[in-house]
Amino acid sequence: MPFENLYKKIRNSIRQLEQKIGQAKYSYFDQPLKQVEYFDGGLYDVVYESSCKWPHNIALQYFDTEITYKEMIKKINKVAAALKALGAEKGDRITVCMPNTPEAVYMFYAINEIGAIANMVHPLSSAKEIEDYLNQSESKIILCVDISYPKVESIIKNTSVEQVIVVSPTRSMDRIVRILYKLTKGRKNHVNKSQHVITWDRFLNKANKFIGNPHARINAKDDAVIMYSGGTTGKPKGIVLSNLNFNAQALGAKYLVPELFKTDHSFMAFLPNFHAFGLGCCIHMPLCFGARSFLIPQFNPKKFKSYITKYKVNILVGVPTVFDYLTKIKFKKDGLKNVKFVVSGGDMVSMSSKEKINDFLKSHGSKALIENGYGLTEASGGFIFSPLSVAEDPDGIGYPLSDNDVIIMDINTKKEANLGEDGEILVRGVSVMKGYLNKPKETAEAFITVGGKKYLRTGDIGYADERGVIHFRSRLKRMIVSNGYNIYPANIEDITMKCKKVNACAAVGREDKLRGEKVVVFVVPEKD
């Protein structure tokens, strides 16, 4: 143990020195450029560059396991070599059906390194859904977590998958945790090993059989990731995103909110890697700039406090319900002093909730104000972010990232609305998807031409003010029209939540013969 402690001290000293050198050498990142130059390569290439700049920084933290950038790249390269040994080629689609674990990260970037496309699938999807995702992507290889293996095994004969790689979520934890998992939860996850089903360790051993360099030269606009979303029709569709989509999002966020991206910051990654918001903002973004991504495979509200305090997380990126839950946890007076930034996405935070969360942060030692991010899977997860100057705007969601043109379209005239007027939020630019996988008709329907330019429809209502700040009103589907007036449920919910006896609420429209629609509010009362 004394040798281990000495090793950690030496490594931390080297890491701190590397950070100071990196900050001095690459300080230009802290100043927004007038003209953004995007990385002409893949997702792996950007992270590899980070490993060259900050080799001794911690890239991934998985509970008590810390993995430096240098170590991470070595593991990614080994996984890439193993994939090549299995016969994977540039342009293949390889499925990752995993929670947030180091193995999922290694596989994701290794897929990109060899020029293949990562097909990201929710590990708790039903067997039929997994079958559909595998067939849509025509995957020949799948990495799945052991709890999902029985479902994969039951449908594999109906797909084109030739190789299944199975891994435990405890693979990168210490030996004692792995043994306990195997004796408890892992005991049920029996894997029928065969020529077509192998464990993670057997898969890695195949890297020794590959001779050569697994790295493939790829273009920024090449396909990189497939993610699934209901879009506007509700039926899951594969959304094809390019290397540029994710790399531009990371660089654009760096210029818009540079204070987030310091090499000594730690991002909490509990949003899943099979969502664009989680993969882009909690894993890829920090890894682009020498920061740390603290991986959480399954969000556990009861352990949320220890995640923040024990691991000294600086940046929380999540959805409004998580931050609402945060205010119900008992912290010491300075228990949140390490939290420097809080970014919310996935839904709108009401002004009353904003004030409640901000007051809670302040009273527990944090100077953070909750900031908004806005986007959808079809636009790489996020294309609008709010800097601190917008954080206190009631419904302000911020400015578009560089090289994303956002306009508001009048729903009736299908023309650009005036400043301050409500309409559908449209976007075009570097964040927008390449299209829906194998669905040209649905792809065409997702876009609309306004003023001679083609824009992606978001299905959300908002407006732009004179500063260029975009404000969110409501989902287009949620907007209630009563007596010819547009009513936004979020406004009603915001007022309702000011009642101290209300814990949660939702406003909806109900058909009314006289008014067209009338407003109905569902309320969850406080326990007392």
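Residues numbered from 1 in each chain as written. Predicted model: local features only at pLDDT ≥ 70, side-chain atom pairs only at ≥ 80, totals over all residues. Heavy atoms only, no water.

Our next topic: the pattern of salt bridges. Taken as a whole and assessed by the stated rule, the structure comprises 15 salt bridges. Taking the shortest distance from any N to any O, the salt bridge between Arg 171 and Asp 201 comes out at 2.8 Å. Taken as a pair, Arg 171 in the loop between β6 (163-167) and α7 (175-183) and Asp 201 in helix α8 (residues 200-205) lie far apart in primary sequence, 30 residues in all. Accessibility expressed as a relative area gives 28% for Arg 171, which makes it partly exposed. On the accessibility criterion, Asp 201 (39% relative accessible area) is partly exposed. Between Arg 467 and Asp 465 there is a salt bridge, and its shortest N-O distance comes to 2.8 Å. Exposure remark for Arg 467: the relative accessible area of 41% places this residue in the partly exposed category. Each of the salt bridges in this network shares a partner with another, and the network as a whole consists of Asp 324, Lys 328 and Lys 356. (Salt bridge = Lys/Arg side-chain N within 4 Å of Asp/Glu carboxyl O. Helix = DSSP H or I, 4+ residues; strand = E, 2+ residues; numbered from the N terminus. Buried < 20%, exposed > 50% of the residue type's maximum accessible area, 1.4 Å probe, protein only.)

Here we take up the confidence of the model for the protein chain. Mean pLDDT over the protein chain: 88, with 90% of residues reaching 70 or higher. Between residues 22-34, whose pLDDT stays under 50, and residues either more than four places distant or in other chains, the model counts 16 contacts. (pLDDT = per-residue confidence, 0-100. Contact = heavy atoms within 4.5 Å.)

Inspection of the secondary structure puts Thr 458 in strand β21 (residues 453-464). Here Tyr 374 takes part through its side chain, which lies 3.4 Å from a polar atom of the side chain of Thr 458. (Polar contact = N/O pair within 3.5 Å; in protein donor to acceptor, adjacent residues only side chain to side chain.)

Nonpolar side chains in soluble globular proteins tend to end up buried together. Counting 123 residues, the largest nonpolar core has Met 72, Leu 83, Met 107, Trp 200, Phe 203, Met 268 and Leu 287 as the members making the most contacts within it. The contact partners of Met 268, leaving out residues within four places of it in the chain, are Cys 282, Phe 294, Ile 296, Phe 304, Tyr 307, Ile 308, Val 313, Ile 315, Leu 316 and Val 317. (Core = buried A, V, L, I, M, F, W, Y, C linked by side-chain atoms within 4.5 Å.)

Our focus in this paragraph is the packing of aromatic side chains. Each aromatic ring pair is characterised by the separation of its centres together with the angle its planes make. Overall, the coordinates contain 17 aromatic pairs when judged by the stated rule. An aromatic cluster is built from Tyr 62, Phe 63, Phe 294, Tyr 307 and Tyr 311, whose rings are joined through pairwise contacts. Lying over the aromatic face of Phe 289, Lys 254 brings its terminal NZ or CZ to 5.4 Å of the ring centre. Its end group placed over the ring of Phe 331, Lys 305 keeps NZ or CZ at 5.9 Å from the ring centre. (Phe/Tyr/Trp six-rings, centres within 6.5 Å; stacked < 30°, edge-to-face > 60°. Lys NZ or Arg CZ within 6 Å of the ring centre and 35° of its normal.)

On to the sheet that holds strand β19 (residues 435-436). One open sheet holds the eight strands; their spatial order is β7-β6-β5-β3-β4-β8-β9-β19, and the pairing between them is mixed. Of all strands in the sheet, those bounded by a partner on one side alone are β7 (197-199) and β19. Helix-sheet contacts for helix α5 (residues 127-137) involve β3 (93-97), β4 (117-120), β5 (141-145), β8 (223-229) and β9 (237-242), and the interaxial angle to β3 is about 160 degrees. (Pairing = 2+ DSSP bridges. Axes fitted to C-alpha atoms, helices over the stretch in contact; angles between N-to-C directions.)

Our focus in this paragraph is the packing of helix α9 (residues 243-256) against helix α10 (residues 276-288). α10 packs onto α9 with a crossing angle of 65 degrees between their chain directions and a minimal axis gap of 9 Å. Overall, the two elements α9 and α10 adopt an arrangement that is roughly perpendicular. In this structure, the crossing between α9 and α10 has a hand that is right-handed. In contact with Phe 246, Asn 247, Gln 249, Ala 250 and Ala 253 of α9, α10 contributes Ala 276, Leu 279, Gly 280, Cys 281, His 284, Met 285 and Cys 288. Along the lines of polarity and charge, the residues of the contact of α9 with α10 split into eight nonpolar, four polar and no charged. (Parallel < 35°, antiparallel > 145°, perpendicular 65-115°, else oblique. Left-handed = near helix turned anticlockwise from the far one by under 90°. Nonpolar A, V, L, I, M, F, W, Y, C, P; charged D, E, K, R; others polar.)

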